[in-house]
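A look at the structure
Residues per chain, in single letters:
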Amino acid sequence: MKALSIAKFDEGAVNEDAAQCTEKWIAVSDGAGGGGVFADKWSRYLVEHLPDLPITDYQAFDSWIDGIWEPFYNACEKTAEAEGGMLLNKFYDEGSFATLVAVWKEGQWMSYGDSVAFCFDRKTGRLQHTFGRIVDFNKPPYLVNCKDPTDENGFKSGTFETDEESIVFAASDALAHYILMMYEVAHRDEFADELQEAIDAQTKNSNFIRMALGMKKVDFEKSVVDKLLNGKNSWNVKQHLQGLRNKKLIGHDDYSLAIL
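Residues numbered from 1 in each chain as written. Predicted model: local features only at pLDDT ≥ 70, side-chain atom pairs only at ≥ 80, totals over all residues. Heavy atoms only, no water.

1. Comments concerning the sheet that holds strand β1 (residues 3-6)
Taking strand neighbours across the sheet as the criterion, the 5 strands line up as β1-β12-β11-β7-β8 in an open arrangement whose pairing is antiparallel. At either margin of the open sheet sits one strand with a lone partner, and together these are β1 and β8 (127-129). Along the sheet, successive strands turn relative to each other by an average axial angle of 20°, direction set aside. The pairing of strand β11 (residues 166-171) with strand β12 (residues 255-259) spans 3 bridges and is antiparallel. Its bridge partner lying in β12, Ala170 is registered against Ala258. On top of the sheet, helix α4 (residues 173-186) reaches β7 (116-121), β8, β11 and β12; it is set at about 135° to β11, its chief contact. Helix α8 (residues 234-246) rests against β1 and β12 of the sheet, and its axis sits at about 50° to β1. (Pairing = 2+ DSSP bridges. Helix = DSSP H or I, 4+ residues; strand = E, 2+ residues; numbered from the N terminus. Axes fitted to C-alpha atoms, helices over the stretch in contact; angles between N-to-C directions. Contact = heavy atoms within 4.5 Å.)

See the structure below:
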C-alpha cells in the first residue's frame with residue numbers, strides 16, 4: 001500500500017481527494033467541495049499531471065498550472081453545458097478548487113493549501129513537515145483554481161533532511177492535523193504553547209487536541225506512524241480511521257495518504 005484515498009464515512013459520499021505514488025514522487029490533492037464544482041475531478045487531474053522533476057519555486061509552479069489547466073477546463077465546460085443551468089453558471093463563476101502537496105524522491109517538496117507532507121526519522125524520532133503551526137489548520141486554505149491565477153503567498157517549497165531511517169509521506173488536512181497533533185502531544189512539553197494556542201481558538205480542532213491530551217502516553221512511532229503506514233490495505237486503514245473518529249481524535253472528512 002503506497003497511496004490510498006478514503007471517502008467520508010457517509011453512505012454515497014463522493015471522495016473529493018486524490019492520492020498518487022510513482023517511482024519519482026508522491027502527491028495528495030484535496031478537492032474543495034465547498035465552492036465551485038468538479039472538485040473530485042480537479043484533484044485527480046492535478047496529481048495525474050504532476051511533473052517528474054521537482055517544482056522548486058513559485059514561478060515553476062505557476063508555469064506548470066498555466067500549462068495544464070486548459071484541457072481540464074474545456075472538458076468540464078462541455079460536461080457543464082450538457083447539464084446546463086446552475087451547474088454551468090457555478091462553473092463559470094467559481095471553477096474548481098483543490099489543495100496540492102507533493103514530494104519528489106530527492107526530498108524536494110512543494111505545497112499549496114493545507115494538505116501536508118511529512119518526514120519521520122525513526123532513529124531520532126524527529127518529524128519534519130511542510131505546515132506551519134497547528135492552529136493554522138483553522139484558517140481557510142489556499143486553493144488551486146482551474147481558471148483563476150494562483151497566489152504566490154500560498155506556495156511553499158523546501159527539502160527534507162533524510163537518511164536511511166527516514167519515512168516520507170503526505171496526507172490531506174484532517175489526517176494531517178491528526179498526525180501533527182499526535183506528534184506534538186507526544187512531545188507536549190516542547191509544544192505546550194502551540195497546543196494551548198490551538199485549544200484557545202475554540203474550534204472543532206481544539207476538541208480533538210483536548211481528547212489527545214487526555215491520553216496518558218502517546219508513542220508516536222508505534223501508535224501513529226506504524227498504524228497508518230503499515231496498513232496492509234485500504235480496508236485496514238479505514239478501520240483504524242473509524243476507530244480514531246469514534247475516539248474523537250480526527251475530523252469528519254475524506255482521508256488521503258501517500259507514502260514515498
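Next comes the rest of the write-up.
2. What about the packing of α4 against helix α7 (residues 220-229)?
Following both chains from N to C, one finds α4 and α7 inclined at 160°, their axes separated by 10 Å at the closest point. When the axis of α4 is compared with that of α7, the two are roughly antiparallel. Taken as a pair, α4 and α7 cross one another with a handedness that is left-handed. Contacts from Leu175, Tyr178, Ile179, Met182, Tyr183 and Ala186 of α4 reach α7 at Phe220, Ser223, Val224 and Leu228. Residue classes in the contact of α4 with α7 are distributed as 9 nonpolar, 1 polar and no charged. (Parallel < 35°, antiparallel > 145°, perpendicular 65-115°, else oblique. Left-handed = near helix turned anticlockwise from the far one by under 90°. Nonpolar A, V, L, I, M, F, W, Y, C, P; charged D, E, K, R; others polar.)

3. Points about α4
An ideal rise of 1.5 Å per residue puts 20 Å on 14 residues; α4 measures up with 20 Å between its terminal C-alpha atoms. For α4, the tally of buried residues reaches 13 of 14 residues, placing the bulk of the element in the interior. (Expected span 1.5 Å × (residues − 1). Buried < 20%, exposed > 50% of the residue type's maximum accessible area, 1.4 Å probe, protein only.)

4. Points about the packing of aromatic side chains
Applying the stated criterion across every chain, the model contains 20 aromatic pairs. Between Phe91 and Tyr92, the ring centres sit 6.4 Å apart and the planes meet at 40°, which makes this aromatic pair tilted. The class for Tyr92 is partly exposed, based on a relative accessible area of 33%. Measuring from centroid to centroid gives 6.0 Å for Tyr112 and Tyr142, while their planes differ by 65°, and the two rings are edge-to-face. Here Tyr142 lies in the loop between β8 and β9 (144-145) and Tyr112 lies in strand β6 (residues 108-112), a separation of 30 residues in the sequence. Among the aromatic side chains, those forming a connected cluster through ring pairs are Tyr58, Phe61, Trp64, Tyr112, Tyr142 and Phe155. (Phe/Tyr/Trp six-rings, centres within 6.5 Å; stacked < 30°, edge-to-face > 60°.)

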